Amino acid sequence: MDYFRPIAMTDPARPEGALTLAGGWCWFDRAERLTRAGSRGLVAASDLPEEARARLTAPRSPLAGLSLDAPRLMGILNVTPDSFSDGGRFHAPDRALAHARAMEAAGAEILDIGGESTRPGSADVEREEEIARTAPVIAALKEGGLRVPVSIDTRKSAVAVAALDSGAEIVNDVAALSYDPDLATLVARRGVPVCLMHAQGTPATMQADPRYDNVLLDVYDFLSERVAAAEAAGIPRERIIVDPGIGFGKTVAHNLALLRGLSIFHGLGSAVLLGASRKRFIGVLAGGEAESQADCRVAGTLAVTLAGVAQGVQIHRVHDIVEAKQALRLWLAATQGEET
């Protein structure tokens, strides 16, 4: 089987015949042809198989009213007592609400709210507790005039029901609809977008000894299968987001291989989400205080985020909206000439 990784470019000197990547801000005039036996070199964009070319170039449909012709920032709100990144700072409802409003004011275009930590080694949370943590916060935000869409970060259909009933518009499932068989049916029935993330193993075990034959192609094949399963359940591809799951059952080398090859995931014909914010591999590579303190990984997160933007990734799930917004604005000004 052949896989095609478009060589994403943003240079203003765009050659004749170059194709727009996923209807966004990048273009490509060639792609790397990959197989399980290794790279087979570069292929001109004009010589790509018709189906591959169509999926790589088709503009992505808006999600929850948000167009995807520009990079979008998803703010993370963990209403858990044991988050790896913020130590339960927003577990209390009043603090959660204040932080959500601050992220919206700073430029978050989606808020992703989760009530179950999925850090390495974490245990499952009972659905009643997860609902109690998330649904009231979502309801209060919507009643308070929140203008951006809310995503519920959960593997459980009961939690998603409560969140959607409270005003959430997107489901973000780290198990890619494989944990709870009722979640796919719910997403299809409600007509909401869903994010399908790759993870090897469960949060409790995923970092024990992750192994792959070829991490980039293994993750691609997994997501391709989960997209097909979602479509079979009645969820159209235009409402699906794919996430390679940085840090979920991956070593530092695995994460870097995925980051270098991110543009391949446009071949699935769906929007792509990158969630690398404050992850441990950033601390390992950065060294110093960042190795042990998640809040010291902001600069590294921005570097990874902009690397994803340069490959056409549409949605970036981050903790630090102020810093990410500034970095994104400057990147767009320097590469696209966009001053606002």
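Keep in mind that what you see is a predicted model, and the values were worked out from it rather than measured.

> Is there a simple way to explain the overall build of the protein chain in this structure?
Of regular secondary structure, the protein chain possesses ten helices and 13 strands. Expected size for 340 residues packed as a compact globule is a radius of gyration near 20 Å; at 19 Å, the protein chain falls within 12% of this value. Oriented by its inertia axes, the alpha-carbon framework of the protein chain measures out at about 55 × 45 × 40 Å. Residues counted as buried form 55% of the 340 residues belonging to the protein chain. Accessible surface, the protein chain: about 14,000 Å² in total, of which carbon and sulfur atoms supply 50%. For the protein chain, the distance from the average position of its 35 positive side-chain charges to the average position of its 43 negative side-chain charges is 1 Å.

> It is not clear to me how the environment of A232 should be interpreted in this structure. Could you clarify?
Structurally, the position occupied by A232 is in helix α6 (residues 215–232). By relative accessible area, which is 72% here, A232 ends up exposed. Put simply, A232 and A184 are 48 residues apart on the chain and 9.5 Å apart in space, counted from C-alpha to C-alpha.

> Quick question: what am I supposed to make of the pattern of salt bridges here?
Two side chains with opposite charge may pair up if their charged atoms get near one another. A complete count under the given rule lists 22 salt bridges for this structure. For the salt bridge of D112 with R317, the shortest nitrogen-to-oxygen distance reads 2.7 Å. In this pair, D112 sits in strand β7 (residues 110–114) while R317 sits in strand β13 (residues 315–318), placing the two residues 205 residues apart along the sequence. By relative accessible area, D112 is classed as buried at 1%. Residue classification places R317 among the buried residues on the basis of a relative accessible area of 16%. Among the ionic pairs, K156 bridges to E130, the shortest N-O distance being 2.7 Å. With K156 in the loop between β8 (150–153) and α4 (157–166) and E130 in helix α3 (residues 127–143), this pair connects stretches of sequence that are 26 residues apart. Since its relative accessible area comes to 0%, E130 is described here as buried. Three or more residues are tied together by salt bridges with common partners; here these are E116, D124, E130, R155 and K156.

> I'm lost on unusual backbone geometry in this one. Help?
Glycine aside, the phi torsion of most residues is negative, and most peptide linkages are trans. Of note, A22 is a non-glycine position whose phi angle comes to about 55°, a positive value. The residue A22 is located in the loop between β2 (19–20) and β3 (27–28) in this model. Taking relative accessible area as the criterion, A22 reaches 2% and is therefore assigned buried. Of note in this structure, A176 is not a glycine but carries a positive phi near 55°. As for its placement among the helices and strands, A176 is situated in the loop between β9 (170–173) and α5 (181–190). Residue A176 is classed as buried on the basis of its relative accessible area of 0%.

Thresholds, definitions, all that
Residues numbered from 1 in each chain as written. Predicted model: local features only at pLDDT ≥ 70, side-chain atom pairs only at ≥ 80, totals over all residues. Heavy atoms only, no water. Helix = DSSP H or I, 4+ residues; strand = E, 2+ residues; numbered from the N terminus. Rg over C-alpha atoms; globule rule 2.2 N^0.38 Å. Buried < 20%, exposed > 50% of the residue type's maximum accessible area, 1.4 Å probe, protein only. Areas by Shrake-Rupley, 256 points an atom, 1.4 Å probe, with all protein chains shown as cover. Lys, Arg positive; Asp, Glu negative; His and termini not counted. Charge placed at Lys NZ, Arg CZ, Asp CG, Glu CD. Salt bridge = Lys/Arg side-chain N within 4 Å of Asp/Glu carboxyl O.

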